[in-house]
Amino acid sequence: MNTPPSSSDANRGPIAAVGGRRLPRRWLAAVVAVWTGFAFTSFATMAANYAAVWYVTETTGSPLALAIVYVCAFLPVGLLAPLGGVVADRFNRKRVIILCDLFIAAMALVVGAVIAIGHVSFPLVLVMATACGVAQAFRTPSFNAAMPLLVPEKHLLRVNALDNLLSSISMICAPALGIFLYTTIGFQAVMFLDAAGALLSVLAMLTAAVPTIVARDVANQSAFANVKSGWRELSATKGLPVVVLCVVLGMMAYGPLDSILPLMVSSHFNGNGYMASLVTAVFGIGMLAGSAALMVRGGSTWLARIIAVAAIVVGAATTVAGLLPTSMFVAFVVAIGVMAVACAGFNGPLMTLMQKNVSEEKLGRVMGLLSAFMGLGIPLGTALGGAVAQGIGVTSFFVVDGVVILGLGALLVFLPSVRALDRRTNALSATQPAAETPAMEPSAAE
């Protein structure tokens, strides 16, 4: 079993990142700085988003209004993330992240000030949600493309699993903090917290040395041509587009489950708010456990297989949850916990697969495409799934949705191209040189 990275490991060079790029002896300090900045922004922004959702819930009580907020938050990511990927490959990724954090801080301060003087409104919340979506469309591809430049290849899955761990903790703690500040101090306090988190992220990023990677083809092509170049790069690795497509379809199928879980508890199990809260808490704990397991396993090279098994477990747990009678609420909670543990097996392994198989000078464009697929696919899946659940019933939807996810997992298991992808990734890891100077120019740490 691999052991987590330590400061002593970090100081024994030379150490190589994906592709053989030489890392500095104190690589761990740069990773901690970049990831800490990501954590500050993610936690504070999620708290602000939940406060905004609570405000809309209190003032409108309208599901349509909440849906509009959701669209404003995710649609910019779906539309602009491919351009964000081009920017990540054309400019220094550290600077892009810092500029996005400064934009988030500025918008949060302006919105907080407007709320403080008494002009809070539903349109203001929409502006806030849209601005956050725009920032994430540019920040996320740069962040995901920067990490492989900083992390030794054997620890890459651990760092990606750490991102999942942060998301799980944020899902549990950030909403509670956001709503607590909203109800005790005021909406503006949450927005100022968002600004503080973004500014702390900037400070953390300024301390990190991040190599500059500029692809030669980016400056000579249009934005659309660059996006096409990213797709060609993704398609060049046999099996990788299939895995990406299956994960996106799986996320589309899974998306509606989040929104109808409370309805399942109340309508099928005749549950109350405490029972619904228990299900949410168990899901968060399950995600924590799954992410922690990936971090401990760390150096696994059978990444596509992990994704396939995760899909099969999620599909089976979802199907079982839909088949349970009304008297078996405890079994339902267990099924949701198993589903949550398996859900951690999607994002981290997929991100690691892409980072290992895509050239670093085009990784931003490929990550931008992935962000776009998710940004458009999850809201679309949620909308379609909600309509289907309305027509066939919540319990039947769980069964149908589970079977669909099971089918995607089975497809990944039996497709030869997916098995070949794991073998190729293993071969790349085995033949990687100990440390090389970078092939791209210019390359400098900033």
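Note that this is a predicted model, so its numbers are computed, not measured.

Would you take a moment to explain the overall build of the protein chain for this structure?
Counting its regular elements, the protein chain contains 15 helices and 2 strands. Expressed as a percentage of the 446 residues in the protein chain, the buried residues total 52%. Sequence-distant contacts in the protein chain: of pairs separated by 6 or more residues, those separated by 24 or more amount to 88%. Approximately 18500 Å² of the protein chain is accessible, and the part contributed by carbon and sulfur atoms is 71%.

Any chance you could explain a nonpolar patch on the surface here in plain terms?
On the surface, F40, L200, L203 and L206 cluster together to form a nonpolar patch covering roughly 370 Å² of accessible area. For the nonpolar patch, the element with the most residues is helix α7 (residues 187-206), which contributes 3 residues. Following the sequence through the fold, L200 ends up in helix α7.

What's the story with the pattern of salt bridges in this structure? I'm lost.
Pairing is possible between side chains of opposite charge, provided their charged atoms come close. Per the counting criterion, the structure on display carries 2 salt bridges. Between R139 and D101 there is a salt bridge whose closest N-O contact spans 2.7 Å. Remark: D101 occurs in helix α4 (residues 93-116) and R139 occurs in helix α5 (residues 122-146); sequence separation between them is 38 residues. By relative accessible area, R139 is classed as buried at 3%.

Help me understand the environment of A81, please; the structure alone is not making it clear to me.
Within the fold, A81 resides in helix α3 (residues 63-90). Apart from residues lying up to four places away in sequence, A81 is in contact with P76, A137, P141, G368, S371 and A372.

Even after reading the chapter, I still don't get the nonpolar core, so can you show me in this structure?
In globular proteins that are soluble, nonpolar side chains generally tend to be buried together. In terms of nonpolar packing, the biggest core is built from 64 residues, with V243, F332, M354 and F398 touching the most fellow members. Counting residues per element, the ones that place at least two in this core are α6 (156-184), α9 (240-268), α10 (273-297), α11 (303-323), α12 (329-357), α13 (363-392), α14 (394-414) and α15 (416-431). With 15 residues, α9 is the single largest residue contributor to this core. With near-sequence residues (within four places) excluded, F332 lies in contact with L261, M264, V265, F269, V279, A321, L324 and F398. Counting residues in hydrophobic clusters, the runner-up holds 24 residues, among them A47, A51, V56 and M191.

Help me out: how do you make sense of the packing of aromatic side chains in this one?
Think of a pair of aromatic rings as described by two things: how far the centres are apart, and how the planes are tilted against each other in angle. Overall, the coordinates contain 8 aromatic pairs when judged by the stated rule. Considering the side-chain rings of F332 and F398, the 6.2 Å spacing of their centres and the 55° angle between planes classify their relative orientation as tilted. Of this pair, F332 sits in helix α12 while F398 sits in helix α14, placing them 66 residues apart in sequence. Assessed through its relative accessible area of 1%, F398 is described here as buried. Above the plane of the ring of W302 lies R305, whose end atom (NZ or CZ) is 4.6 Å from the centre.

Would you mind going over the side chain of R139 with me for this structure?
A distance of 3.2 Å separates polar atoms of two side chains, one belonging to R139 and the other to S201. Dropping the residues within four chain positions of it, R139 is found in contact with G37, F38, T41, I97, C100, D101 and S201.

How should I be thinking about the packing of α5 against α13 in this particular structure?
Helices that pack against each other are described as a pair by the angle of their axes relative to one another and the distance between those axes. Contact geometry for α5 and α13: axes closest at 8 Å, N-to-C directions at 130°. The orientation of α5 with respect to α13, classified from their angle, is oblique. Crossing of α5 against α13: the hand is right-handed. Note on element contacts: α13 touches α5 through L363, G364, M367, G368 and S371, opposite T140, P141, N144 and A145. Along the lines of polarity and charge, the residues of the contact of α5 with α13 split into 4 nonpolar, 5 polar and no charged.

Explain the packing of α13 against α14 here, please?
Between α13 and α14, the least distance of the axes is 7 Å, while the angle of their chain directions is 125°. Taken together, the axes of α13 and α14 lie oblique to each other. Taken as a pair, α13 and α14 cross one another with a handedness that is right-handed. Contact with α13, carried on its side by G385, V388, A389 and I392, involves V394, S396, F397 and V400 of α14 and no other residues of that element. Residues of the contact of α13 with α14, tallied by class, amount to 6 nonpolar, 2 polar and no charged.

How do you make sense of the side chain of T352 when you look at a structure like this?
With respect to the helices, strands and loops of the structure, T352 is situated in helix α12. Residues in contact with T352, not counting those within four places in the same chain, are L156, L157, N160 and L303.

Can you walk me through the environment of D401 in this structure?
The topology assignment puts D401 in helix α14. For D401, a relative accessible area of 6% gives the class buried. The spacing of D401 and T318 is 83 residues in sequence and 7.3 Å in space, taken between C-alpha atoms. Setting aside its immediate chain neighbours within four residues, D401 contacts A253, Y254 and L257.

Reading the values: the criteria
Residues numbered from 1 in each chain as written. Predicted model: local features only at pLDDT ≥ 70, side-chain atom pairs only at ≥ 80, totals over all residues. Heavy atoms only, no water. Helix = DSSP H or I, 4+ residues; strand = E, 2+ residues; numbered from the N terminus. Buried < 20%, exposed > 50% of the residue type's maximum accessible area, 1.4 Å probe, protein only. Contact = heavy atoms within 4.5 Å. Areas by Shrake-Rupley, 256 points an atom, 1.4 Å probe, with all protein chains shown as cover. Patch = residues over 30% accessible without salt bridge, like charges linked within 9 Å, V, L, I, M, F, W, Y side chains within 5 Å. Salt bridge = Lys/Arg side-chain N within 4 Å of Asp/Glu carboxyl O. Core = buried A, V, L, I, M, F, W, Y, C linked by side-chain atoms within 4.5 Å. Phe/Tyr/Trp six-rings, centres within 6.5 Å; stacked < 30°, edge-to-face > 60°. Lys NZ or Arg CZ within 6 Å of the ring centre and 35° of its normal. Polar contact = N/O pair within 3.5 Å; in protein donor to acceptor, adjacent residues only side chain to side chain. Axes fitted to C-alpha atoms, helices over the stretch in contact; angles between N-to-C directions. Parallel < 35°, antiparallel > 145°, perpendicular 65-115°, else oblique. Left-handed = near helix turned anticlockwise from the far one by under 90°. Nonpolar A, V, L, I, M, F, W, Y, C, P; charged D, E, K, R; others polar.

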